[in-house]
Amino acid sequence: MKLTIQHQTTYDYEEPVHYALQKLRLIPRTGHGQTVLNWQTEISGGEKQLTFDDLFVNHTELVKVTPGATRIEITSIGEVEVENLNGVIGKHAGFAPLWLFENPTPLTAAGNNIRKLAASVRNATEDHDDIVRLHHLSQEILSLVTYETGQTDSTTTAEVALTAGHGVCQDHSHIMIAAARLLGYPARYISGYLFMDGQDQQDATHAWCEVWTKGLGWVGFDVSNGISPDARYVRVATGRDYTDAAPILGIRHGNGTENLHVSLQVQQ
Amino acid sequence: MKQNATFFDEMLATPGDVRDPYKVYFDWFENEDLKRLRRKSEDAEAFFRRIGITFNVYGQDEADERLIPFDIVPRIIAAREWAKLERGIEQRVRAINAFLYDIYHGQEILRAGRIPRELISGNEAFCPEMIGVNPPGGVYTHICGVDLVRTGEDDFFVLEDNVRTPSGVSYMLENRETMLQMFPELFTQLKVRPVSAYPQRLRRSLSDSAPASSPNDKPVVAVLTPGIHNSAYFEHAFLADQMGAELVESHDLQIVDGHVAMRTTQGYQIIDVLYRRVDDAYLDPLTFNPDSMLGVPGIMDVYRAGNITLANAPGTGIADDKALYSYLPDIIEFYTGEQAILKNVPTWRCSEPDALAHVLANLKDLVVKEVHGSGGYGMLVGPAASKKELAAFEKKLRAKPSNYIAQPTLSLSTVPILSKAGLAPRHVDLRPFVLVSPNKVEITPGGLTRVALKKGSLVVNSSQGGGTKDTWVLGD
């Protein structure tokens, strides 16, 4: 499937910016069933400082907001050809050792509810293989945590979201990652794009997770949609949790509020 | 002078029998007037006060800044003794740099099963953000301060490898400066190797470690300090001054054209090498602790992109972590193919049940240290502890054994200090300072001798009432 993506993030600042940086992880890589045919990132209101691969081999860019600017616009436009791998990414590669994905992070630290969830899934799937167990975990999470926007934010932990019983794709992924790690599987966060038939205009990027199993290596799970990724999914960045893979992470010196607006089109 | 038979005294091997390196000094001392020496000792203190060497002691509300006591009797090391130490330190530091490269790249040592994976994967001192980073010139520990103790004529042990941001070098330099002022005649009688070139060597060593590509004609070096409230601020300012480098704080720095640059009167100047005295966790709020006001946002990205040298590299703490310490002989063998020249202190890892049982059974004879602690905080010196303290520590130890290691109470050597009654032996350790650049490992002949001023005390940390001595390495 050939997907055309146009992704624009706009920050409006109440007061002219004195000094601010934005770290971007917005460039998909070719590989794992996807081929980046072309890709461009345009910045207005800021200057690219650096381009490098981070420890998860994410293409990363560091941008400085032009001093005095009241708005920065980050626009990615590109085309990606994706084949359906049924979620199977395969063997582990990259700088980071597999064990790095076994450790909890602040966003994926297990509390009582995640421990309970992991224990119940372990019991319910004792005689089943890894993939059945992980799909079961994914379904359990979806039934316990209703998809609902506006209730959680980028700092919400897996435990808090599970306890609250509602959240978005980021929360679903964090819960799955936290529980999978408790069950002994390395797990990682994926940020990316999802083509949704009949919904060209989207207001946020997507997130899912990948869990490593002995048999298949890395396998993707999109808890929010109850499936493993197929040809509609474009992987952009990975990491131990959202913080590692966030599409945009910024820091700003100075006063005043900022307003974020995201415009995203994923088309076939 | 009364001699304690159970400890090795570096001046008097046995009462009346002065060891070779001290012979000239001892003769001089015998002919000196004690009153004059005491006056000199007071002069030395006044001298330190004037130049402003002070030290903030954590956990003491009253005296924000305190002078570290200085003792005027030098600690003297023979050329032959030093040569062996030098070889041993160089071997150790080279192995540590090889280990750091490996642990942040292929992790061959884990694959080979030479150290347990959990020691790294579960260790807070391991810095994942360093994975895949190639520090310019392959150097991780530009500055090390290896803590050594001595128990006998030929028995030196490494107590700690300080490879994060070792402090104390300013004392080494000022102690010598003071001794040269007080006793110039001694330096004509004895061939003492100079230490005064350290700042220039540091500067050259850092410059040699600069990134290969730089927009500057000559490498620009700066010292990053957390600020005036840091306990080692004096040293930061002192070293910057002595090196002819800028002393900068967080608010002086910005990302400019993909580099880290400092504000100057002529605009922003790109920095090639940052000798940073800010801890890893505070170094980059965009990568580590987001609330840090002491660091430089984005500096880890500049570093990963190869546009700046950080001295020392982040994540070096995994090499001097106390949990890893007991594996250093294996690490040296793994990377150099040689046996360690300098010995490790025998260490019980309390994470291992057998070791824990041994430690609990012998607590009153052992020194127990927190794996991540430093500066003598949170440590138990069994023989000096009360029953109550022992019981309290046992509780902590049982609650989280993996947080502790234990070592025998070493019979640290003594060197005399000038006490009211004349010479009196006190326990000492030694921190030589090591500079590592892509081309070489340089060890300044001398170092910081710390001395436990309290009679019988084995704790030499300045935060725990220790003092310092000038350290003389004799020429051939």
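Residues numbered from 1 in each chain as written. Chains lettered and ligands numbered in written order. Predicted model: local features only at pLDDT ≥ 70, side-chain atom pairs only at ≥ 80, totals over all residues. Heavy atoms only, no water.

Moving on, we come to the overall build of chain B. Check the secondary structure of chain B and you find 16 helices and 23 strands. In terms of overall size, chain B behaves like a compact globule, its C-alpha atoms giving a radius of gyration of 23 Å where 476 residues would be expected to give roughly 23 Å. Taken along the three principal axes of its C-alpha coordinates, chain B extends 65 × 55 × 50 Å. Looking at chain B residue by residue over its 476 residues, the buried ones come to 59%. Long-range contacts, defined as pairs at least 24 residues apart, comprise 69% of the intrachain contacts of chain B with a sequence gap of at least 6. Looking at chain B as shown, the accessible area adds up to about 19600 Å², and 49% of this sits on carbon and sulfur atoms. Chain B carries 52 positive and 62 negative side-chain charges, and their two centres are separated by 5 Å. (Helix = DSSP H or I, 4+ residues; strand = E, 2+ residues; numbered from the N terminus. Rg over C-alpha atoms; globule rule 2.2 N^0.38 Å. Buried < 20%, exposed > 50% of the residue type's maximum accessible area, 1.4 Å probe, protein only. Contact = heavy atoms within 4.5 Å. Areas by Shrake-Rupley, 256 points an atom, 1.4 Å probe, with all protein chains shown as cover. Lys, Arg positive; Asp, Glu negative; His and termini not counted. Charge placed at Lys NZ, Arg CZ, Asp CG, Glu CD.)

Further remarks concern the domain arrangement of chain B. When its domains are assigned, chain B resolves into domain 1 (12–115 + 143–194 + 419–473) and domain 2 (346–408). With centres defined by C-alpha atoms, the gap from domain 1 of chain B to domain 2 of chain B works out at 26 Å. (Domains from an automatic or database assignment.)

Bringing the pattern of salt bridges into the picture now. Across all of its chains, the model carries 41 salt bridges over all chains by this definition. Ionic pairing is found between Asp53(A) and Arg29(A), a salt bridge with its closest N-O pair at 3.4 Å. Taken together, the residues span a long stretch of sequence, with Asp53(A) in strand β4 (residues 46–53) and Arg29(A) in the loop between β2 (19–27) and β3 (34–44) at a distance of 24 residues. Of the residues examined, Arg29(A) reaches a relative accessible area of 31% and is grouped as partly exposed. Asp252(B) is paired through a salt bridge with Arg263(B); the nearest N and O atoms lie 3.8 Å apart. In this pair, Asp252(B) sits in the loop between β7 (246–248) and β8 (253–256) while Arg263(B) sits in strand β9 (residues 259–264), placing the two residues 11 residues apart along the sequence. One network of salt bridges, with partners in common, ties together Glu10(B), Arg19(B), Arg75(B), Glu81(B), Arg150(B) and Glu153(B). (Salt bridge = Lys/Arg side-chain N within 4 Å of Asp/Glu carboxyl O.)

Okay, the side chain of Arg75(B) next. Residue and element names in this part refer to chain B. Looking at the element boundaries, Arg75 is found in strand β3 (residues 70–77). A polar contact is formed between the side chain of Arg75 and the backbone oxygen of Asp429, at a distance of 3.1 Å. Those residues in contact with Arg75, other than ones at most four positions away along the chain, are Glu10, Tyr22, Ser413, Val415, Val428, Asp429, Leu430, Thr449, Lys469, Asp470, Thr471 and Trp472. (Polar contact = N/O pair within 3.5 Å; in protein donor to acceptor, adjacent residues only side chain to side chain.)

Let us now look at the packing of aromatic side chains. Tallying each qualifying case throughout the model produces 19 aromatic pairs over all chains. Centroid distance Trp99(A) to Phe126(B): 5.4 Å. Interplanar angle 55°. Geometry classified as tilted. Taken together, the residues Trp99(A) in the loop between β7 (88–90) and α1 (112–124) and Phe126(B) in the loop between α5 (117–121) and β4 (143–152) connect one chain to another. Residue Trp99(A) shares its accessibility class with Phe126(B), and that shared class is buried. Ring geometry for Phe334(B) and Tyr335(B): centres 4.9 Å apart, planes at 90°, overall edge-to-face. Site record: aromatic cluster; members linked through ring pairs are Tyr25(B), Trp28(B), Phe29(B), Phe183(B), Phe187(B) and Trp472(B). Sitting over the ring of Trp218(A), Arg188(A) keeps its end group 3.9 Å from the ring centre. Between the NZ or CZ atom of Lys40(B) and the centre of the ring of Phe183(B), over which it lies, the distance is 5.6 Å. (Phe/Tyr/Trp six-rings, centres within 6.5 Å; stacked < 30°, edge-to-face > 60°. Lys NZ or Arg CZ within 6 Å of the ring centre and 35° of its normal.)

The next subject is the pairing of strand β19 (residues 422–431) of chain B. Within a regular beta strand, the side chains point alternately toward one face of the sheet and then the other, so they alternate between its two faces. Residues and elements named next belong to chain B. A large share of β19 lies buried, amounting to 10 of its 10 residues. Judged from the six bridges that link them, strand β18 (residues 414–419) and β19 form a sheet pairing that is antiparallel. The partner of Thr414 across the bridge, within β19, is His427. Hairpin connection between β18 and β19: a loop of two residues separates the two successive antiparallel strands. (Pairing = 2+ DSSP bridges.)

Moving on, we get to the pairing of β9(B). All names here are of chain B. The pairing of β8 with β9 spans four bridges and is classified as antiparallel. Residue pairing in the sheet places Leu253 in a bridge with Met262 of β9. Linking β8 to β9, which pair antiparallel, is a turn of two residues; within it Asp257 sits at a positive phi near 50°. Here β9 runs beside strand β10 (residues 267–270); their pairing, made up of four bridges, is antiparallel. Pairing of Thr264 across the sheet is with Gly267, part of β10. Turn length for the β9-β10 hairpin, with the two strands adjacent in sequence and antiparallel, is two residues.

Right, let's talk about helix α6 (residues 169–182) of chain B for a bit. Over its 14 residues, α6(B) extends 20 Å from the first C-alpha to the last, a length consistent with the 20 Å expected when each residue adds 1.5 Å. Of all 14 residues in α6(B), 11 are buried; the element is thus mostly enclosed. (Expected span 1.5 Å × (residues − 1).)

All right, on to the sheet that holds strand β16 (residues 380–381) of chain B then. Residue and element names in this part refer to chain B. Read from one edge to the other, the open sheet built from four strands follows the order β14-β17-β15-β16, with strand pairing classed as antiparallel. Both edges of this open sheet fall to β14 (348–349) and β16, since each of them pairs with a single strand only. Where β14 lies against strand β17 (residues 404–408), two bridges are found, and the strand directions are antiparallel. The partner of Trp348 across the bridge, within β17, is Ala406.

This part takes up the interface of chain A and chain B. Across the contact, 23 residues belong to chain A and 25 residues belong to chain B. Of the roughly 2000 Å² buried at the junction of chain A and chain B (both faces included), carbon and sulfur atoms supply 64%. Contact with chain B buries area across many residues of chain A, yet Tyr19(A), Leu50(A) and Trp99(A) alone supply 28% of it, more than any other trio. Two residues, Glu102(A) and Arg117(B), come together in a salt bridge whose shortest N-O distance is 2.8 Å. In this assembly, chain A and chain B are joined by nine residue pairs in polar contact (both at pLDDT 80 or more). Of all the secondary structure elements, the ones that give two or more residues to the side of chain A that touches chain B are β2, β4, β5 (59–65) and β15 (248–253) of chain A. (Buried area = accessible area lost by both parts, 1.4 Å probe.)

What follows deals with the side chain of Thr41(A). Turning to its location among the elements, Thr41(A) is positioned in strand β3. In this structure Thr41(A) touches Ile27(A), Lys48(A), Glu61(A), Ile74(A), Thr75(A) and Ser76(A), once residues within four positions along its chain are discounted.

What follows covers helix α1 (residues 23–30) of chain B. Listed as buried for α1(B) are Tyr25(B), Phe26(B), Trp28(B) and Phe29(B). For α1(B), the buried positions fall inside an angular range of 160° around the axis, keeping them on one side. (Arc of directions from axis to C-beta.)

All names here are of chain A. As assigned here, chain A comprises domain 1 (2–83 + 248–267) and domain 2 (88–245). If you average the C-alpha positions of domain 1 and of domain 2, the two centres end up 24 Å apart. Between domain 1 and domain 2, the buried area comes to about 2300 Å², and carbon and sulfur atoms account for 60% of it. In terms of surface lost to domain 2, no three residues of domain 1 exceed His32, Phe56 and Leu264, which account for 27% of the buried area on that side. Taken together, the connections running from domain 1 to domain 2 amount to zero salt bridges. Counting the contacts that link domain 1 with domain 2 gives eight residue pairs in polar contact (both at pLDDT 80 or more). At the level of elements, β1 (2–13), β2, β3, β6 (71–82), β15 and β16 (258–267) are the ones that each hand at least two residues to the side of domain 1 that touches domain 2. The leading source of residues in the side of domain 1 that touches domain 2 is β16, at six residues. Looking at the side of domain 1 that touches domain 2, its residues break down into 16 nonpolar, seven polar and four charged. (Nonpolar A, V, L, I, M, F, W, Y, C, P; charged D, E, K, R; others polar.)

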